[in-house]
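Letter by letter, the chains look like this.
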Amino acid sequence: MSKKSILLSEEVVFAVDDAEALAEKVEALRAVAEEHSLPDTTSWDAHSLWFDQIAEYISDPVFMKDRSSRFVMVNEALRNHFSVNNADPIIGKSDLELHPPEIGLKFFDEEQNLMATNEALVGHEEFVYLPDGEVQWLSTTKVPVSDRNGNIIGLFGIARDITRRKTSELLRGRQSKVLEMIAAGVPLTTVLDELLLLVEEHLRGTKASILLLEPGAKSLHHGSAPSLSKEYCSAIDGITVGQKSGSCGAAAHRGEDVIASDISNDPLWRDHKVLALAHGLKSCASTPIISPTGRILGSLAIYSDKVSTPDEVQQALTYETARIAAIAIERDLAESKIRFLAENDPLSELPNRNMLENQIQELVKADVSGTQNFSLVFVDLDKFKHVNDSLGHSAGDKVIQIVADRLVNCLRPTDFVARFGGDEFVILLKNGSTEPDKIRMVLERIQEAINEPIDLESQTFEICSSLGISLYPQDGKDAKTLLKHADHAMYEAKALGRNCYRFYSAKLAAEDAAKLTLLQEIRVGIREEQFFLEFQPQFDLLSNQMTGVEALVRWNHPTRGRVPPDKFILAAEESGLISELGNWVLLEACRQGSEWQKFARDPIVISVNVSAHQFFSGDLIDKINDALDQTGLDPRLLELELTESSIITDPDHCIQTMETLRDMGVRIALDDFGTGYSSLSTLSTFPLNKLKIDRSFIQNMDKGNRELGIARAIIALGQELEMRVIAEGVETENQMDQLKALNCNDVQGYFTGRPMHRGMIDGLLSDQYPNSLN
Ligand code: C2E
Ligand code: CA
Ligand code: CA
């Protein structure tokens, strides 16, 4: 910074930084001097006198100090600052004696440095304490003064009171800090506390508070009051928004300022004045906190320890504070809305899956001792799709909302209900017992609540639910496992016929898992040709000739070796995979049958087992036609074995299909006959060619009369209905003889031949018809 010396008079030289500013000041001083015709002097004393007089006219404190920083001259403004009438108490003293030590020392050091370096201090901002303890901010300019020879002899100073500007600057700074806190997402109470502390600091003798008004609420609740006692805050908490509810309730009600300058006799304060006065609160000015869209968010109150009405400064600060509070509250509301949306399902307003998982994890985490328990109930509405399909999606949405409400209302407030998705809910029964009996009561209550009739779109209907339960800790120790297991149990409940509940069982689940792998392996097996057929011969008891073979599927598993059909047929049937496997068997059997058709003199019939699923699949006829076409097998040489259970589920449909088959020439046998419950009269309505007496009757035939009687009755019945009767599972000669005696037509069993490779059937055929083979 360049320094210039300006000659003020012949003797006094000021060294300053801001030459122009000082030049202006000098001009002003000259003008004053001329106006008051002060003596133009060339001596220091004369000059000093001249200067003293000018200084008296300056409204800012002006002073001169000697080389030791002792006051040599002070003007009226400075005397006023120290609250003294004449200069005597000040002249000859340094700041060390006039200010608190830390401030005095700072000034002293500053000045000594300034005089030692001959560098002026211009517009330096600093503060002092006024006698009443208030802070006063000053912008001070101190300039070293030298004598004619250039020796520094002291300094000249002028200070301007900038308290107003400075405090509002500081306030701005603090307010923008609060705004930063808002932007940074600091919790609302912390932000409001900071904001109110700021108000209290700027307005001496005040205590501030903010009461919040929740959207749609009718009463105000504690928001922040950093300096008010807990007792007072809780007494005020919950006051209603209304004409007579203290200044704050009234301000929120009217949407305008309400000033109670004397609480002791203000009608608004009738109910709370004793408490307020006991806490030293004598007046209260309330301002509504209003959002930019005009919604009342709460009330800001500034209490004073004096009976008073807010001045201009307080009013301005109050409005600014209310404005910032509005920003903070709005932001908090928006944030809680976002949080709500992130954590809740918007339709049912129930916590969502994320929240549920967090809740479970928290419970698990809290169980440090390993002694806690809770249970998880997976709820799935039965046939909810019907509601959506028949009444529309908005009706479906309403049903979800109704069910959500019912679930919440039928449980304890400590329990936790979440919407898992679609028509699925999950209930967390907290710190409840995991005793099945106790849970059962809750489950029944849940199902009853859901079952209550629903009135919607002038219709009344009922909805059922399937529930699955998993228990902590036995069924899982984390959210994922517990949910998976409850879901699993729910599926079992559905499989059991809906509207029931099921507890998770690890054993059943393991079986299910094994079933799944099995199905996967069957798929691979079909693709990789691990399946093959064996054929079991059937003999006519009269001619002793082989008249047919039953095709039986076999599985050559790459690691498990040969897997018997009873290990996979059931699973394949349940999953529907049997159709795929059955179609393969059908084609393969027809192919083999057509081979034998080519060289056997007398035709042999090939029997193929057809499961119920396959029979009702809808494309059975097409598949049979395809297989016959592809292989050229005579339809009359194909026999389908159906079981009783598969024909009685839908007799009409069954008869229709059977008649089509009969018209095609395909034969139908009723397998495992005697084990089902078909009545004899219904049996006569089916176009059947053959009855196969179940193995169980044949095997016990030589032991008990009952079985023999049944076998006899079946044979008689078959003949009555003009069907052939075949006994299966014939293992002994004795059984053969007995069946012969009963006039049974055919036999099949280990005694006459086990299921065998097709090559062995070739051998049997060539034994039987030696001439037909070359
Ligand atoms: P099924 O239709 O009753 O087949 C006869 C079963 O009895 C065969 O068992 C056969 O090996 C067995 N068997 C034959 N003679 C005797 C005997 O004298 N004593 C004893 N103890 N058993 C005898 P397999 O091959 O294990 O088949 C079991 C079941 O698997 C079959 O019972 C049938 O229901 C099913 N199955 C086999 N192949 C197929 C197929 O290709 N499709 C369908 N859907 N089911 C099949
Ligand atoms: Ca069979
Ligand atoms: Ca059978």
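**With respect to the layout of surface pockets**
- A volume near 1,200 Å³ is recorded for the largest pocket.
- Lining the largest pocket are 43 residues, and of these Glu550, Leu552, Pro565, Asn609 and Arg695 lie nearest its centre.
- The greatest single-element share of the lining of the largest pocket, amounting to five residues, is contributed by strand β21 (residues 546–557).
- For the lining of the largest pocket, the class distribution of residues is 16 nonpolar, twelve polar and 15 charged.
- The calculated volume of the second largest pocket comes to roughly 1,000 Å³.
- Lining the second largest pocket are 33 residues; nearest its centre among them are Glu134, Thr167, His202, Leu203 and Val313.
- Within the residue set of the lining of the second largest pocket, elements represented by two or more residues are β6 (135–146), α6 (163–183), α7 (188–202) and α11 (312–343).
- The dominant element in the lining of the second largest pocket, judged by the number of residues it contributes, is α6, at eight residues.

**What to know about the coordination of the calcium ion (ligand 3)**
- Summarising the metal site, the calcium ion (ligand 3) is bound by the protein donors Asp671 (OD), Asp672 (OD), Glu728 (OE) and Glu728 (OE), whose distances to it range over 2.0 to 2.7 Å.
- Sequence spacing of the donors to the calcium ion (ligand 3): D-D-x55-E.
- Judged by its relative accessible area of 10%, Glu728 falls in the buried class.

**Brief notes about helix α26 (residues 705–720)**
- Here α26 contains 16 residues, and its C-alpha end-to-end distance of 22 Å stays within 8% of the 22 Å for a straight helix at 1.5 Å per residue.
- Turning to α26, its buried residues are Glu707, Leu708, Ala711, Ile714, Ile715, Leu717 and Gly718.

**Some details on the sheet that holds strand β11 (residues 283–290)**
- On the basis of which strands lie adjacent, the open sheet formed by five strands has the order β9-β8-β12-β11-β10 and antiparallel pairing. Both edges of this open sheet fall to β9 (220–224) and β10 (258–260), since each of them pairs with a single strand only. Ignoring which end each strand starts from, the neighbouring axes of this sheet average 25° apart.
- With eight bridges connecting them, β11 and strand β12 (residues 296–304) associate as antiparallel partners. Paired with Thr287 across the strands is Leu300, a residue of β12.

**With respect to the packing of aromatic side chains**
- The final tally for this structure, using the stated rule, is 13 aromatic pairs.
- Measuring from centroid to centroid gives 6.0 Å for Trp269 and Tyr303, while their planes differ by 75°, and the two rings are edge-to-face. In this pair, Trp269 is assigned in the loop between β10 and α10 (273–278) and Tyr303 in strand β12, connecting sequence segments 34 residues apart.
- With a relative accessible area of 2%, Tyr303 lands in the buried category.
- Centroid distance Trp555 to Phe568: 5.3 Å. Interplanar angle 85°. Geometry classified as edge-to-face. Residue Trp555 is located in strand β21, and its partner Phe568 is located in the loop between β22 (561–563) and α18 (569–575); the two are separated by 13 residues in the primary sequence. Of the two residues, Trp555 and Phe568, neither departs from the other in class, the shared state being buried.
- Taken together, the ring pairs connect Phe127, Tyr129 and Trp137 into an aromatic cluster.

**Details of empty space enclosed by the protein**
- With the rule as written, the count across this model stands at seven cavities of 30 Å³ or more.
- Each pocket or cavity is described by its volume, and for the largest cavity that value is around 170 Å³.
- Phe63, Leu78, His99, Phe107 and Leu138 are, among the 18 residues lining the largest cavity, the residues nearest its centre.
- At the level of elements, β3 (62–66), α3 (76–81), α5 (101–117), β5 (121–129) and β6 are the ones that each hand at least two residues to the lining of the largest cavity.
- Looking at the lining of the largest cavity element by element, the count peaks at four residues for β6.
- Residue composition of the lining of the largest cavity, grouped by class: nine nonpolar, four polar and five charged.

**What to know about the coordination of the calcium ion (ligand 2)**
- Looking at the calcium ion (ligand 2), the protein donor atoms are Glu550 (OE), Asn609 (OD1), Glu641 (OE) and Asp671 (OD), and they sit 2.1 to 2.3 Å from it.
- Sequence spacing of the donor residues for the calcium ion (ligand 2), all on one chain, is E-x58-N-x31-E-x29-D.
- If you look at the calcium ion (ligand 2) and the calcium ion (ligand 3), they sit 3.9 Å from each other and are both ligated by Asp671. Of this pair, Asn609 sits in strand β23 (residues 605–609) while Asp671 sits in strand β25 (residues 667–673); the two residues are 62 residues apart in sequence, bridging distant segments of the chain.
- For Asp671, a relative accessible area of 7% translates into the label buried.

**Considerations on the pattern of salt bridges**
- Applying the stated criterion across every chain yields a total of 42 salt bridges.
- Ionic pairing is found between Lys166 and Glu169, a salt bridge with its closest N-O pair at 3.5 Å. Of the two residues, Lys166 and Glu169 are both situated in helix α6; the distance of three residues between them amounts to about one turn of the helix.
- For Lys166, a relative accessible area of 11% translates into the label buried.
- Put simply, Lys306 and Asp305 hold a salt bridge, and the shortest N to O gap is 3.9 Å.
- Judged by relative accessible area, which is 37%, Asp305 ranks as partly exposed.
- Residues joined in a network through salt bridges with shared partners are Lys65, Asp95, Lys106, Glu110, Glu111, Glu126 and Lys142.

Procedures and definitions
Residues numbered from 1 in each chain as written. Chains lettered and ligands numbered in written order. Predicted model: local features only at pLDDT ≥ 70, side-chain atom pairs only at ≥ 80, totals over all residues. Heavy atoms only, no water. 1 Å grid on protein atoms, 1.4 Å probe; cavity = no way out; pocket = protein on both sides within 12 Å on 5 of 7 lines; lining within 4 Å. Points joined across faces, edges and corners; volume = space filled by probe spheres on them. Helix = DSSP H or I, 4+ residues; strand = E, 2+ residues; numbered from the N terminus. Nonpolar A, V, L, I, M, F, W, Y, C, P; charged D, E, K, R; others polar. Donors = N, O, S within 2.8 Å, 3.2 Å for Na, K, Ca; no water. Buried < 20%, exposed > 50% of the residue type's maximum accessible area, 1.4 Å probe, protein only. Expected span 1.5 Å × (residues − 1). Pairing = 2+ DSSP bridges. Axes fitted to C-alpha atoms, helices over the stretch in contact; angles between N-to-C directions. Phe/Tyr/Trp six-rings, centres within 6.5 Å; stacked < 30°, edge-to-face > 60°. Salt bridge = Lys/Arg side-chain N within 4 Å of Asp/Glu carboxyl O.

Everything listed is a geometric property; what it means functionally is a separate question.
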